[in-house]
Amino acid sequence: MSTPRIVTLDTIDHGRVTFDEPAWCIGHGWQVGQGIGRNDVTHNSVRVKASADTFSYGVQSLMRTWMSWAPFVELVPRVVIELDLTGEYEAEEVTHLAGVLRTAAVRLEKVAAEAIRLRGDVL
């Protein structure tokens, strides 16, 4: 278990809130000055992505996933998943896309496994 960092954010409902930031969190700079409430405080991990280069549409983003945890609302980290793929493709491209989706599935499983592992640090 990593030693957490101590962070303080100004909130609109609880004033200055101090909390532990887990080592996997990318920081809270995106929340500073945003008029957040204490329940909006969210730890996010780095984003894991999957994309494919296609003939029909060029580089297409297929997926983004990351761990997210709002410690004042949720008991454990959760996994955020954004899927993007719409279009009409040549059959050969679909074969390529299927391979990329298999890679994306492996990445999703790794992020989920990390979120499960981190429950031990939280609970």
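Residues numbered from 1 in each chain as written. Predicted model: local features only at pLDDT ≥ 70, side-chain atom pairs only at ≥ 80, totals over all residues. Heavy atoms only, no water.

**Here we look at the overall build of the protein**
Here is step 1 of the chain: For the protein, the helix and strand inventory stands at one helix and six strands.
Here is step 2 of the chain: Across the protein, helices and strands are ordered from the amino to the carboxyl terminus as β-β-β-β-β-β-α.
Here is step 3 of the chain: Whereas a compact globule of 123 residues would reach a radius of gyration of roughly 14 Å, the protein reaches 18 Å, over 25% beyond that.
Here is step 4 of the chain: Dimensions along the principal axes, computed over C-alpha positions, put the protein at roughly 55 × 30 × 20 Å.
Here is step 5 of the chain: Counting all 123 residues of the protein, 33% fall into the buried class.
Here is step 6 of the chain: The contacts of the protein with a sequence gap of at least 6 include a subset with a gap of at least 24, amounting to 44%.
Here is step 7 of the chain: With an accessible surface of roughly 7,700 Å², the protein has 54% of that area assigned to carbon and sulfur atoms.
Here is step 8 of the chain: Across the protein, the centroid of the 12 positively charged side chains sits 7 Å from that of the 16 negatively charged ones. (Helix = DSSP H or I, 4+ residues; strand = E, 2+ residues; numbered from the N terminus. Rg over C-alpha atoms; globule rule 2.2 N^0.38 Å. Buried < 20%, exposed > 50% of the residue type's maximum accessible area, 1.4 Å probe, protein only. Contact = heavy atoms within 4.5 Å. Areas by Shrake-Rupley, 256 points an atom, 1.4 Å probe, with all protein chains shown as cover. Lys, Arg positive; Asp, Glu negative; His and termini not counted. Charge placed at Lys NZ, Arg CZ, Asp CG, Glu CD.)

**Details of the side chain of Asn44**
Here is step 1 of the chain: Mapped onto the secondary structure, Asn44 falls in strand 3 (residues 43-44).
Here is step 2 of the chain: Side chain to side chain, Asn44 and Trp66 meet in a polar contact 3.4 Å long.
Here is step 3 of the chain: Of note is the side chain of Asn44, whose polar atom sits 3.1 Å from the side chain of Ser68.
Here is step 4 of the chain: In this structure, Asn44 is in contact with Trp24, Cys25, Ile26, Trp30, Trp66, Met67 and Ser68, ignoring residues within four places of it in sequence. (Polar contact = N/O pair within 3.5 Å; in protein donor to acceptor, adjacent residues only side chain to side chain.)

**Structural notes on the nonpolar core**
Here is step 1 of the chain: In this structure, Ala50, Ala52, Leu62, Met63, Tyr89, Leu97, Val100 and Ala104 together form the largest nonpolar core, which totals eight residues.
Here is step 2 of the chain: Contributions of two or more residues to this core are made by strand 4 (48-54), strand 5 (58-69) and helix 1 (91-122).
Here is step 3 of the chain: It is helix 1 that contributes the most residues to this core, three residues altogether.
Here is step 4 of the chain: Among residues more than four places away in sequence, those in contact with Leu62 are Ala50, Ser51, Ala52, Glu82, Leu83, Asp84, Leu85, Leu97, Val100 and Leu101. (Core = buried A, V, L, I, M, F, W, Y, C linked by side-chain atoms within 4.5 Å.)

**Quick look at the packing of aromatic side chains**
Here is step 1 of the chain: Scanning the model with the defined rule gives two aromatic pairs in all.
Here is step 2 of the chain: Their ring planes at 90° and their centres at 6.2 Å tell us that Phe19 and Phe72 sit as a pair that is edge-to-face. One end of the pair, Phe19, is in strand 2 (residues 15-21); the other, Phe72, is in the loop between strand 5 and strand 6 (78-83), and 53 residues separate them in sequence.
Here is step 3 of the chain: Where Tyr57 meets Tyr89, the ring centres are 5.1 Å apart and the plane angle is 70°; that geometry is what we call edge-to-face. One end of the pair, Tyr57, is in the loop between strand 4 and strand 5; the other, Tyr89, is in the loop between strand 6 and helix 1, and 32 residues separate them in sequence.
Here is step 4 of the chain: Here Tyr57 falls in the partly exposed class, since its relative accessible area comes to 40%.
Here is step 5 of the chain: Residue placement shows Arg47 over the ring face of Trp66; its charged tip is 3.8 Å from the ring centre. (Phe/Tyr/Trp six-rings, centres within 6.5 Å; stacked < 30°, edge-to-face > 60°. Lys NZ or Arg CZ within 6 Å of the ring centre and 35° of its normal.)

**Side note on the pairing of strand 2**
Here is step 1 of the chain: Alignment of strand 1 (residues 5-11) against strand 2, held across seven bridges, turns out to be antiparallel. Residue Val7 lies in a different strand from strand 2, and its bridge partner there is Phe19.
Here is step 2 of the chain: Counting the residues that bridge the hairpin from strand 1 to strand 2 gives three residues. (Pairing = 2+ DSSP bridges.)

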